[in-house]
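A look at the structure
This is what each chain is made of:
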Amino acid sequence: HRDGVSMALSLDREAYYRRVKRLYGNWQKGEDDYANVDAIVVSVGVDEEIVYAKSTALQTWLFGYELTDTIMVFCEDKILFMASKKKVEFLKQIANSKGSENANGVPAITLLVREKNESNKGNFEKMIEALKGSKSGKRIGVFSKDRFPGEFMKSWNDCLSKEGFQKVDISAVVAYTIAVKEDGELNLMRKAAAITSEVFNKFFKERVMEIVDADEKVRHSKLAESVEKAIEEKKYLSGADPSTVEMCYPPIIQSGGNYNLKFSVVSDKNHMHFGAITCAMGIRYKSYCSNLVRTLMVDPPQEVQDNYTFLLQLQEELLKELRHGVKLCEVYAAVMDVVKKQKPELLNKITKNLGFAMGIEFREGSLVINSKNQHRLKKGMVFSINVGFSDLTNKEGKKPEERTYALFIGDTVLVDEDGPATILTSVKKKVKNVGIFLKNEDEEEEEEEKDEAEDLLGRSSRAAALLTERTRNELTAEEKRRAHQKELAMQLNEEAKRRLTEQKGEQQIQKARKSNISYKNPSLMPKEPHIREMKIYIDKKYETVIMPVFGIATPFHIATIKVSSCGGWAPGCPGRAVLLHPVTAHRTSPSTYRASNMKTPGEQTVPALNLQNAFRIIKEVQKRYKTREAEEKEKEGIVKQDSLIINLNRSNPKLKDLYIRPNIAQKRMQGSLEAHVNGFRFTSVRGDKVDILYNNIKHALFQPCDGEMIIVLHFHLKNAIMFGKKRHTDVQFYTEVGEITTDLGKHQHMHDRDDLYAEQMEREMRHKLKTAFKNFIEKVEALTKEELEFEVPFRDLGFNGAPYRSTCLLQPTSSALVNCTEWPPFVVTLDEVELIHFERVQFHLKNFDMVIVYKDYSKKVTMINAIPVASLDPIKEWLNSCDLKYTEGVQSLNWTKIMKTIVDDPEGFFEQGGWSFLEPEGEGSDAEVGESESEIEDETFNPSEDEYEEEEEDSDEDYSSEAEESDYSKESMGSEEESGKDWDELEEEARKADRESRYEEEEEQSRSLSRKRKGPAHSSSRRSSHSRSPGRSSGPPKKKRK
């Protein structure tokens, strides 16, 4: 903003008057240095070197721009501005119209034009005169640190000195006046802080990760330059115009034992060392500053992590202390007390001050948080808080640059009325967010040794090695997975056994059935004429039907009655019958009541009408009873939630125009979601409220709108909550992105301008929504001190499957497998999963099923059907990385029976080897496996002699065929020792095997129709023999579906 200001620039008059009023108000109060001042002189020259000066800051605050070669004189009853012609034109926007002295309660402005080559003597004299006439005209307030070079400034300063004015430095008091920010200023600072966070997260942190991953050598200074370049790109600026964005100071990156935790230092030219890397950067947006400091740690030892956690604790304490009205020295003392009590050895390592006020100037020297500062905090001040430890010793460090390290964190924060200060730079800073953990070197070395050994074993020729490179890598990936799975299998059985024996102690309580009693004693029976007349009577109050049984009026509760009506009013039908069937513990035969359609003389109605009436009322009472029961059943087992504590602050994180799923009413309704002290509240436009407490949320998921039609916040709850008369464990809030329906009536050209515009609009809309949701999530995470963390599904790990009726994209998050875009949603917590079994994994099938078995064996297993075979490997890789055991088999098993067997006799199950029955290859030799299986088969049924023989033949045939098909099974696993059969031959063989087995089956059926066959175990194992070890079914046959 320093260049000559042209008339095109507009000046915010309202802001100018508001701020000058505040300046004069404080001056007239006469506190501190203001008391000694008769007038204020602010002169600004031209100096490209100076970035921050109190004089230019005051100009920016008043006018929104810096005005070079301008003198401002504030007297008691008048204001004089002397500037070049162009700037005087600009300032005319605020000069009061003539005659209206003291308009807006602010002294009138006189504008003086500076002549370039003249001596300006006349104008100087006018200003001197004004100064002498202001109050006692002796002491003038100046910013003594600001000294601008140049002829114009020199002649003005000489003029002042000649008159012998006494100068008083008023930097501190003016700084205190400017320090409290207005809402408009706060918005600019929020934006600056948001850009800083964005540049750090999206550029700097990613770049450091790349450097560490690739083991690059990069100098600190080069990295700092790349950050400065990055702010020229719009994608890091969260939508701001690059011309309004600049760095507050060159980024400071330090590592490798040389640390200086100040903001006046420069990044040195040493290479970045992979240890503790401190980074400080601040973005200035439209003249307002922000600041952020983080320490990234590569493989930090536990001691370093502990010190870092303590540093975070100190920052928490600091934030708590920053409240309206507290002295800065008291804030400092409170933090030091915590250090003294908990880690006194760090007292001499901590930074000398803990932060400073920030605004148009980056560092406000008079408002620093140290042991001496007596200034009080005010609501609306913004501070850059920075806490760090330097010269710490890393005992595990071997090289000199590893032995010394520093930790440094800082944020831009806003002081509130009461309660802790609000962080504006929402960059996560827990150890898991700033730690970069690398793979162990030992593991890598082992792998290298393995490879070398293989090379020595006759792979000397480089060409052969190159050819086998790819297959070898694939194989090692598969082998690694298998080895890991073997470990997991052992752990799994031990864990499960221990868990089940522990649970055995806790006997399950049988739920008592609710008994329905009509009348506690006979006196409650109604004395109605209907009863005396032996007619059916319905007592609505007690929900009871009183009917004559063998001439005695007998009450039956509505719950014990089934009503079916026969007959009707059709012509030729003699009457109407109501069949009442009391459903009691003892079987009672149904009672039929008939009524005639004939009307006896003198009667007004047909006798059948009473019966028809009774039938109607019974149905009515039954319906009422059933809805009430259903509601009670829904409410049963609902855990009572704490009540929501409403935060009356206006600045609550809030998202508007969201829909809720499941719906509260029949029709879907919009509403807003607001985060309060201990939970969320959704308020619909109709006024319905749904409260979700943070401590009841098991998973908070954020599904962005990339490739989806909706953008979703999904909450999977620990305990169900009631709304809309039903209980729900999954609640989500979503909004639609773009058109879900497309108008096919538009037969225009595809490059139609409207269509392109609509697409552009949709893209912008998506970006806007994503930003709004992300901001909401960041604020909520900050509000809950990151106790509630939102998980984002990893889309690239996603796979298609059908957990319910339709196929959808299932995506893993860090702790669950989810799909929240379709309804009903699907959420499986990985910690609750015992193991995963893949069914129908066969050579010739396009898809397979996945069964999820839970650690709680009484819980029904979850099936995901129709997963494409292409996803099998990626799913295995993902499960393996999550330390989850998986098995696979050819058949579909009867899981209800399997789980029942396990729950009934857990000891027996684990004695027989537990879950290993799902393993495709047994631990021992194939023969043993065959034996153990046939034993299990014997348990289930005793075959007649000839069938038994045939079964043996069958298995012999299978085992003998193993030799010729072994190449084949290896081929499917990607082995390199392929022995030359091509696909056509393999297909032909498979077809032949199919034909043979079908022929055998037919022959078998014709031989013994009367005998029950056991199920398609042979045929399926025969047919699949080329894809897995032959002759094995994937589990004990007693657990197969019949």
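All of these numbers come straight from a predicted model, not from anything done at the bench.

1. Side note on the packing of aromatic side chains
Scanning the entire structure with this criterion turns up 37 aromatic pairs. On the numbers, 5.4 Å between centres and 50° between planes, the contact of Tyr 24 with Trp 27 is tilted. Separated by three residues within a single helix, Tyr 24 and Trp 27 lie in helix 1 (residues 13-29), roughly one turn from each other. Judged on exposure class, the residue Tyr 24 and its partner Trp 27 are both buried. Between the aromatic rings of Trp 915 and Phe 917, the centroid separation amounts to 6.2 Å while the plane-to-plane angle is 25°, which identifies the pairing as stacked.

2. Remarks on helix 5 (residues 151-163)
Each turn of an α-helix holds 3.6 residues, which means side chains three or four residues apart point in the same direction. Taking 1.5 Å per residue, 13 residues should reach 18 Å; helix 5 reaches 19 Å between its end C-alpha atoms and fits that length. Those residues of helix 5 that sit buried are Phe 152, Met 153, Trp 156, Cys 159 and Leu 160. Axial view of helix 5: buried residues confined to an arc of 125°, hence all on one face. In this structure, helix 5 carries Glu 151 and Lys 162 as exposed residues pointing more than 90 degrees from its buried face.

3. So, the sheet that holds strand 6 (residues 166-169)
Within the open sheet, the six strands sit side by side as 4-3-2-1-5-6. Their pairing is mixed. Of all strands in the sheet, those bounded by a partner on one side alone are strand 4 (108-113) and strand 6. In this sheet, neighbouring strand axes are inclined to one another by 25° on average, regardless of whether the strands run parallel or antiparallel. Summarising the sheet, strand 1 (residues 39-44) and strand 5 (residues 139-142) pair through two bridges and their orientation is parallel. Within strand 5, the position partnered with Ile 40 by the bridge is Gly 141.

4. Here we look at the packing of helix 1 against helix 2 (residues 54-63)
Where helix 1 meets helix 2, the closest approach of the two axes is 7 Å, and the angle between their N-to-C directions is 130°. Relative to helix 2, the element helix 1 is oriented oblique. Where helix 1 abuts helix 2, its residues Tyr 16, Arg 19, Val 20 and Arg 22 lie against Trp 61, Leu 62 and Phe 63. A breakdown of the residues in the contact of helix 1 with helix 2 according to their chemical character gives five nonpolar, no polar and two charged.

5. Topic: helix 4 (residues 121-133)
Between the first and last C-alpha of helix 4 there are 18 Å, a value that for 13 residues agrees with the 18 Å anticipated at 1.5 Å per step. All of the buried residues in helix 4 are Asn 123, Phe 124, Met 127, Ile 128, Ala 130 and Leu 131. For helix 4, the arc enclosing every buried residue in end-on projection is 160°, short of the 170-degree limit, so these residues lie on one face. The exposed set on the far side of helix 4, more than 90 degrees from its buried face, consists of Lys 121, Glu 129 and Gly 133. Trailing helix 4 by a residue or two, Lys 135 shows a phi angle of about 50°, which is positive.

6. Section: the pairing of strand 1
Across the six residues of strand 1, six count as buried, placing the element largely inside the fold. Here strand 1 shows a buried face lined by Ala 39, Val 41 and Ser 43 and a second buried face lined by Ile 40, Val 42 and Val 44.

7. Focus on the pattern of salt bridges
Going through the model one piece at a time under the given rule, you end up with 44 salt bridges. One salt bridge in this structure joins Glu 89 and Lys 92, with 3.4 Å as the shortest N-O distance. By relative accessible area, Lys 92 is classed as partly exposed at 47%. The partner of Glu 832 in a salt bridge is Lys 859, with the nearest N and O atoms 3.5 Å apart. Of this pair, Glu 832 sits in the loop between strand 35 (826-829) and strand 36 (833-839) while Lys 859 sits in the loop between strand 37 (847-854) and strand 38 (862-868), placing them 27 residues apart in sequence.

8. As for the nonpolar core
Counting residues in each nonpolar core, the largest one holds 156 residues, and the members touching the most others are Tyr 16, Phe 63 and Phe 74. Sorting elements by how many residues they give to this core places helix 7 (residues 183-214) first, with twelve residues. Those residues within four positions of Tyr 16 in sequence are excluded, and the remaining contacts are Leu 11, Leu 62, Phe 63, Ile 79, Phe 81, Ile 94 and Ile 109. Of all hydrophobic cores here, the second largest spans 32 residues; its members include Ala 675, Ala 700, Leu 713 and Val 780.

Conventions we followed
Residues numbered from 1 in each chain as written. Predicted model: local features only at pLDDT ≥ 70, side-chain atom pairs only at ≥ 80, totals over all residues. Heavy atoms only, no water. Phe/Tyr/Trp six-rings, centres within 6.5 Å; stacked < 30°, edge-to-face > 60°. Helix = DSSP H or I, 4+ residues; strand = E, 2+ residues; numbered from the N terminus. Buried < 20%, exposed > 50% of the residue type's maximum accessible area, 1.4 Å probe, protein only. Expected span 1.5 Å × (residues − 1). Arc of directions from axis to C-beta. Pairing = 2+ DSSP bridges. Axes fitted to C-alpha atoms, helices over the stretch in contact; angles between N-to-C directions. Parallel < 35°, antiparallel > 145°, perpendicular 65-115°, else oblique. Contact = heavy atoms within 4.5 Å. Nonpolar A, V, L, I, M, F, W, Y, C, P; charged D, E, K, R; others polar. Salt bridge = Lys/Arg side-chain N within 4 Å of Asp/Glu carboxyl O. Core = buried A, V, L, I, M, F, W, Y, C linked by side-chain atoms within 4.5 Å.

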